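Chain by chain, the residues run as shown.
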Amino acid sequence: MRQAFRSSILHCLSDPGEASSASAIEYFEDGLLVVEDGEVLEVGHADDLLSEIPEDTEVTEHPGGLIVPGLIDCHVHFPQLDIIASYGEQLLDWLNRYAYPAEARFSDPDYAREVANVFVDEMLANGTTTALVFGTVHPHSADAIFEAAAARDMRLIAGKVLMDCNCPVELQDDAAGGVAQSRALIERWHGKGRLGYAITPRFALTSTPGQLEAAGQLASEYPDVWIHTHLAENREEVDEIAQRYPERSSYLDVYEHFGLLRERAVFAHCLHMNDGDRSSMAARGGAAAFCPTSNLFLGSGLFDLAAMRAAGVRCGLGTDVGGGTSMSLLKTASEAYKVLHLQEHALPATRALYLATLGAAEALYLDDCIGNFLPGKEADFVVLDASGSSLTARRIAAADTVDEKLFALITLGDDRNVSATYVRGKQQLSN
Ligand SMILES: [Zn+2]
């Protein structure tokens, strides 16, 4: 089936922070996105393409909208949806006080399914079409999020948490059992439709060396499976790692030692790192999830995007709900701007878009199928619309350029400014 979507259209071809923006982005004021059987056929000026496409092509118009690629969340915990905005702690206390009790409720598979469905609908309402998602230690938490994503045909990567120490006993697995459960989930879900599996040790403080070793061994057996964990989020955490592993040169080196640093390994936060860590992460093909709302909310620190990109590390944005405070990648990008501003750097709007689309797809090694509108890619896209909120509409009306409009949309926008979300050319949501 051939369809076409007419609106303003913007997408990234590379990182606008590195190339001249003339070649890094493509913008069509009156654009047309042509989709066939859920894949992008072509994108361009409506005037040029409307005369070329077959007459029976269904054309959907979104006047006043801005079509961008589906947003990609590189790090989020679906079981923490109900504890978003919980007050007043830093990481290690926050886990004990809020996150672990919330995750313990996932021993109930029905509850897990209910939250998974609410979570993916909340993603779609915010224009997020792909995410890398933490479950809980319970294998059925991964089943629940995969089932919810598959029902909506979404491209999604998830995994059950591996955690065998330093946490409540009801949330512990063990090295052999956790890996056996992960292996069964890989066999059940990885590569099924648009789904992928991530081996998910929570972080190096909640796994024994034996479990990290077993996770690395499993990863070596499945080179196209993802690895998803946290790295260098909080100073107290980093100090505890240094005490536990005095023989390792850094926190990242602990993961590398156990075979958990490689392509398709995604590390949330990466705040307290040195240039040597950044170089090894880049050299091994690991990626960083930049989670500004969480880093500010938990008082963790400031992500150094300039140093990460200078080292060649793949980077994408993550909401990190529930430590993060919004499911919206627009809001997340707005906080990213402020985090960089505190470090005397800037974040142009097009680069923020890159971090939530093509950059995130590169971080997840999914840029062959999502992230922009090159022909053959899967047609996941979002219609942003300033009219969803009156102040945003007023501000955008006064904007002259697409950069100015996008920056105002990012700074003021949220789910009210997502008027439609399409997954493989099919509208999933109309706000
Ligand atoms: Zn997290």
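Our subject is the structure listed above.
Residues numbered from 1 in each chain as written. Predicted model: local features only at pLDDT ≥ 70, side-chain atom pairs only at ≥ 80, totals over all residues. Heavy atoms only, no water.

Participant: Describe the packing of helix H4 (residues 109–125) against helix H5 (residues 139–151), and please don't skip the residues or the numbers.
Facilitator: Between H4 and H5, the shortest axis-to-axis distance is 8 Å and the interhelical angle comes to 40°. By crossing handedness, the relation of H4 to H5 is classed as right-handed. Counted together, Pro109, Ala112, Arg113, Ala116, Asn117, Phe119 and Val120 of H4 and His140, Ser141, Ala144, Ile145, Glu147, Ala148 and Ala149 of H5 form the full contact between these two elements. Grouping the amino acids of the contact of H4 with H5 by side-chain chemistry returns nine nonpolar, three polar and two charged. (Axes fitted to C-alpha atoms, helices over the stretch in contact; angles between N-to-C directions. Helix = DSSP H or I, 4+ residues; strand = E, 2+ residues; numbered from the N terminus. Left-handed = near helix turned anticlockwise from the far one by under 90°. Contact = heavy atoms within 4.5 Å. Nonpolar A, V, L, I, M, F, W, Y, C, P; charged D, E, K, R; others polar.)

Participant: If you had to explain the coordination of the zinc ion to someone new, which residues and values would you point to?
Facilitator: The coordination sphere of the zinc ion, as far as protein atoms go, consists of His75 (NE2), His77 (NE2), His230 (NE2) and Asp320 (OD), spread over 2.0 to 2.3 Å. Mapped onto the sequence, the donors of the zinc ion take the spacing H-x1-H-x152-H-x89-D. When its relative accessible area of 2% is taken as the criterion, His77 is described as buried. (Donors = N, O, S within 2.8 Å, 3.2 Å for Na, K, Ca; no water. Buried < 20%, exposed > 50% of the residue type's maximum accessible area, 1.4 Å probe, protein only.)

Participant: How would you explain a negative patch on the surface if you had to name every residue and give the values?
Facilitator: A surface patch of like charges, here negative, comprises Asp93, Glu236, Asp239 and Glu240. In terms of residue count, the dominant contributor to the negative patch is helix H8 (residues 235–244) (three residues). In this structure, Glu236 sits in helix H8. For Glu236, a relative accessible area of 45% puts it in the partly exposed group. (Patch = residues over 30% accessible without salt bridge, like charges linked within 9 Å, V, L, I, M, F, W, Y side chains within 5 Å. Areas by Shrake-Rupley, 256 points an atom, 1.4 Å probe, with all protein chains shown as cover. Salt bridge = Lys/Arg side-chain N within 4 Å of Asp/Glu carboxyl O. Lys, Arg positive; Asp, Glu negative; His and termini not counted. Charge placed at Lys NZ, Arg CZ, Asp CG, Glu CD.)

Participant: I'd like to hear about the packing of aromatic side chains, residue by residue, with values.
Facilitator: Evaluation of the coordinates by the stated rule reveals 15 aromatic pairs. Ring geometry for Phe5 and Phe381: centres 4.8 Å apart, planes at 65°, overall edge-to-face. On the criterion of sequence distance, the pair formed by Phe5 in strand S1 (residues 2–12) and Phe381 in strand S14 (residues 381–384) is long-range, its members being 376 residues apart. Across the pair, Phe381 and Phe5 agree in class, each one buried. A centroid spacing of 4.4 Å and a plane angle of 15° characterise the contact between Phe381 and Tyr422, whose relative ring orientation is stacked. Here Tyr422 lies in strand S15 (residues 418–423) and Phe381 lies in strand S14, a separation of 41 residues in the sequence. For Phe381, a relative accessible area of 0% puts it in the buried group. Residue classification places Tyr422 among the buried residues on the basis of a relative accessible area of 2%. What links up through ring pairs into an aromatic cluster is the set Phe5, Phe373, Phe381 and Tyr422. Between the NZ or CZ atom of Arg264 and the centre of the ring of Trp226, over which it lies, the distance is 4.4 Å. (Phe/Tyr/Trp six-rings, centres within 6.5 Å; stacked < 30°, edge-to-face > 60°. Lys NZ or Arg CZ within 6 Å of the ring centre and 35° of its normal.)

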